[in-house]
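Observations on the three-dimensional arrangement
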Amino acid sequence: GQVPVQIRRSGRNNEEGVDLSMTQWYPKLVEYDKDGWHPNPYIGREFHGVWGDFDVSITIDRSYVIGGTGYLQNPEEVGHGYAEKTKKSKSKTLTWRFIAPMVHDFAWAADPDFVHDMILGPNDVELHFFYLNNPDILENWKRLQGDTAKMLAFFNENIGEYPYKQYSVIQGGDGGMEYPMCTLITGEREYKSLFGVTAHELAHSWFHHLLGTNEAKYAWMDEGFTSFYDMLCESAIMGTEDPYSSFYNSYYQLVNSGVEEPLTTHADRFQYNFAYGIASYSKGAVFLAQLGYIIGADNLRKTIKRYYEVFKFSHPTPNDFKRIAEKVSGMQLEWYLNDWVRTTNTIDYGVQQVEEKGQKTKITLERIGNLPMPVEVYVETIDGSVFYYYIPLRMMRGEKSFLDQEVTKLSDWSWAIPTYEFEIENPLADIKVVQLNPTGLKADVNPNNDIYMIE
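Attention in this report is confined to the structure presented alongside it. (Residues numbered from 1 in each chain as written. Predicted model: local features only at pLDDT ≥ 70, side-chain atom pairs only at ≥ 80, totals over all residues. Heavy atoms only, no water.)

Digging into the pairing of strand 21 (residues 431-436)
The cut-off we apply is this: Here, strands pair whenever DSSP counts at least two bridges between them. We count a stretch as a helix when DSSP gives it H or I for four or more residues in a row; a strand needs E for two or more, and each element gets its number in order from the N terminus.
Inspection of the sheet shows strand 17 (residues 375-381) paired to strand 21 by 5 bridges, in the antiparallel sense. Paired with threonine 381 across the two strands is isoleucine 431, which belongs to strand 21. Where strand 21 lies against strand 22 (residues 451-453), 3 bridges are found, and the strand directions are antiparallel. Across the sheet, residue glutamine 435 finds its bridge partner in strand 22, namely isoleucine 451.

Things to note about the sheet that holds strand 10 (residues 114-120)
Heads up, the condition is: Interaxial angle, 0 to 180 degrees, is taken between N-to-C directions of lines fitted to C-alpha atoms, where a helix line uses only the stretch in contact. We call two residues in contact when some of their heavy atoms are within 4.5 Å.
The strand order 10-11-12-14-13 describes an open sheet built from 5 strands, whose pairing is mixed. Among the strands making up the open sheet, the edge pair consists of strand 10 and strand 13 (176-179). Strand-to-strand twist in this sheet, taken as the mean axis angle between neighbours without regard to direction, amounts to 15°. As judged from the 5 bridges shared by strand 11 (residues 126-132) and strand 12 (residues 166-171), these two strands associate in the parallel manner. Bridge pairing in strand 12 links phenylalanine 129 to valine 169. The strands touched by helix 2 (residues 135-158) within the sheet are strand 10, strand 11, strand 12 and strand 14 (182-185), with strand 11 carrying the most contacts at an inclination of about 160°. The sheet strands contacting helix 3 (residues 191-210) are strand 12, strand 13 and strand 14, and the helix crosses strand 13 at an angle near 30°.

A word on the sheet that holds strand 1 (residues 11-12)
Pairing in this open sheet of 4 strands is antiparallel, and the strands run 1-2-9-6 from one edge to the other. Two strands close off the open sheet at either side, each with one partner strand: strand 1 and strand 6 (65-68). Strand direction decides the pairing type here: strand 6 and strand 9 (residues 108-111), joined by 4 bridges, are antiparallel. In the strand pairing of strand 9, glycine 68 is matched with tryptophan 108.

Describing the pattern of salt bridges
The criterion, for reference: Each reported salt bridge corresponds to a side-chain nitrogen of Lys or Arg within 4 Å of a carboxyl oxygen of Asp or Glu. Under the scheme applied here, a residue whose accessible area is under 20% of the maximum for its type counts as buried, over 50% as exposed, and between as partly exposed, the area being computed with a 1.4 Å probe on protein chains only.
Inspection of the entire model under this criterion finds 23 salt bridges. The shortest N-O distance in the salt bridge between arginine 8 and aspartate 174 comes to 2.9 Å. You can see arginine 8 sitting in the segment before strand 1 and its partner aspartate 174 sitting in the loop between strand 12 and strand 13, a full 166 residues away along the chain. Judged by relative accessible area, aspartate 174 falls into the partly exposed class, the value being 23%. Residue lysine 409 pairs with glutamate 399 through a salt bridge whose shortest N-O separation is 2.4 Å. Within this pair, whereas lysine 409 is found in strand 19 (residues 408-409), its partner glutamate 399 is found in the loop between strand 18 (386-391) and strand 19, the two being separated by 10 residues in sequence. Note on lysine 409: relative accessible area 47%, which makes it partly exposed. For glutamate 399, a relative accessible area of 39% corresponds to the partly exposed category. Among the ionic contacts, a cluster of salt bridges with common partners joins Lys322, Arg323, Glu326, Glu334 and Arg342.

Observations regarding the packing of helix 2 against helix 4 (residues 219-238)
Inclusion rule: Note that the term roughly parallel is reserved for angles under 35 degrees, roughly antiparallel for angles over 145, roughly perpendicular for angles of 65 to 115, and oblique for everything else. Helix crossings fall into two classes, left-handed where the near helix is turned counterclockwise from the far one by less than a right angle and right-handed where it is turned clockwise. In this classification, the charged set is Asp, Glu, Lys and Arg, the nonpolar set is Ala, Val, Leu, Ile, Met, Phe, Trp, Tyr, Cys and Pro, and all remaining amino acids, among them Gly, are polar.
Close contact between helix 2 and helix 4 brings their axes to 10 Å; oriented N to C, the two are set at 120°. The orientation of helix 2 with respect to helix 4, classified from their angle, is oblique. Seen from above, helix 2 lies across helix 4 with right-handed handedness. Two secondary-structure elements touch here, helix 2 through Arg143, Asp147, Lys150, Met151, Phe154, Phe155 and Asn158 and helix 4 through Tyr229, Asp230, Leu232, Cys233, Ala236, Ile237 and Met238. Its residues placed into classes, the contact of helix 2 with helix 4 shows 9 nonpolar, 1 polar and 4 charged.

Overview of a nonpolar patch on the surface
Put simply, the rule is: The patches described consist of residues with a relative accessible area above 30% and no salt bridge, like charges being joined within 9 Å and nonpolar side chains (Val, Leu, Ile, Met, Phe, Trp, Tyr) within 5 Å. Residue burial considers only the protein chains on display, and all accessible areas are found by Shrake-Rupley using a 1.4 Å probe.
Nonpolar side chains collect at one region of the surface, where Val30, Tyr32 and Trp37 lie side by side and expose about 360 Å² of accessible area between them. Counting through the fold element by element, tryptophan 37 comes out in strand 4 (residues 36-37).

Description of the environment of aspartate 339
Test applied: In the analysis that follows, any N or O atom pair within 3.5 Å is treated as a polar contact, provided that within protein one partner can donate a hydrogen and the other can accept it, and provided that, for residues neighboring in sequence, both atoms belong to side chains.
Among the structural elements, aspartate 339 can be located in helix 9 (residues 334-342). Residues aspartate 339 and leucine 436, spaced 97 residues apart in sequence, show a C-alpha to C-alpha distance of 21 Å. Apart from the residues lying within four places of it in its own chain, the contact partners of aspartate 339 are Asn345, Asn370, Leu371 and Pro372. In terms of polar contacts, aspartate 339 uses its side chain to reach the side chain of asparagine 345, at 3.1 Å.

A few points about helix 5 (residues 245-255)
Convention followed: It is the directions from the helix axis to the C-beta atoms whose arc is reported.
Buried within helix 5 we find Phe247, Tyr248, Ser250, Tyr251 and Leu254. All buried residues of helix 5 project into a common sector of 165° when viewed along the axis, lining one side. Each element contacted by the buried residues of helix 5 is listed here: helix 4, helix 6 (273-295) and helix 9.

If you want it as structure tokens, here you go:
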């Protein structure tokens, strides 16, 4: 076959000078599951594959350094940073043999000018780094190595243990793309960008390669969940604040764009690339954030870890994830999955009225958007006292626990009734402000009607 000049994520002689980025390079088996065959042509977005054991031999000019999927079987013959001592040979070529157990793809990159570094990460996982011998990027790529070990530790703790014994970060391709046991990324970046793309592609190891969700059908389950955890990882390691803000803002931009399509849309069939990108990455991430708002942050953590443990190497579907969340939380969540994934309904609640009722105050709330949610209300009095109220959604058949603050639970709110009234003991004259969504975690598309100030 003729290797083309760099196209989307694959090919030879890319813009940064890497000779070979060998991805999507061989005829693949088509996945067959309970939904039938999935013969999706690769168009540079998402892909789905069959797990298997790969045995790959690559014969190439002796000067080339290769990094990619799998475990090198003949490091002493190859050298190039894989072994300290190498066998002498006058051959002009080397044959590299890689074994990759239980993976659904195989990718590799090669260049004679690759620097190859290796460190041991958590659980003695070998972390390999391949990058061009360019003094302009050397400092960042050296710094990245220790941080990648921290990333692996973060994902092990928060999702589940990485089962393979190597992972390679490789300068190659364009942008960034995930493959089993490796990623190909562009390397000429500011450090924050280099860190971010590496964290994102490494997180894919769990959602794309170990759980193996069909990301062509459910791109939001792979890209969205990956985005959620790469931002939490960046916040934990780099100390960045408010890890949710970027994908919340992107989601609001999508809502206001007029081109949003449901998350059930096949990844290759979105009418606009903008709509595909924001839906899959940002709205998919907001899906997890909203689930945490509904069932509680601790239950969300338990859900993700149990989901990984139960469904790794099994191609789970949205319903599989929902059922795990229901079992962990004890709540009914079909309504949430339906509205968030199968429609473009949005969340919009407002404070409709605050009025005096004898020595008490009556508060009337309204649901404006078509996506129902449980509601949290913050009330502050003029003397600085603060009160929190929680209104479960009736369809949940359960409620969230509040472990770190005192909250008054009110009767539940039926989705079919657009308004909700409740009374508080304080007179209207003592009330300073009534505010919905005090934590900002609920993705309310119109925060302007969330606050009622008493003048």
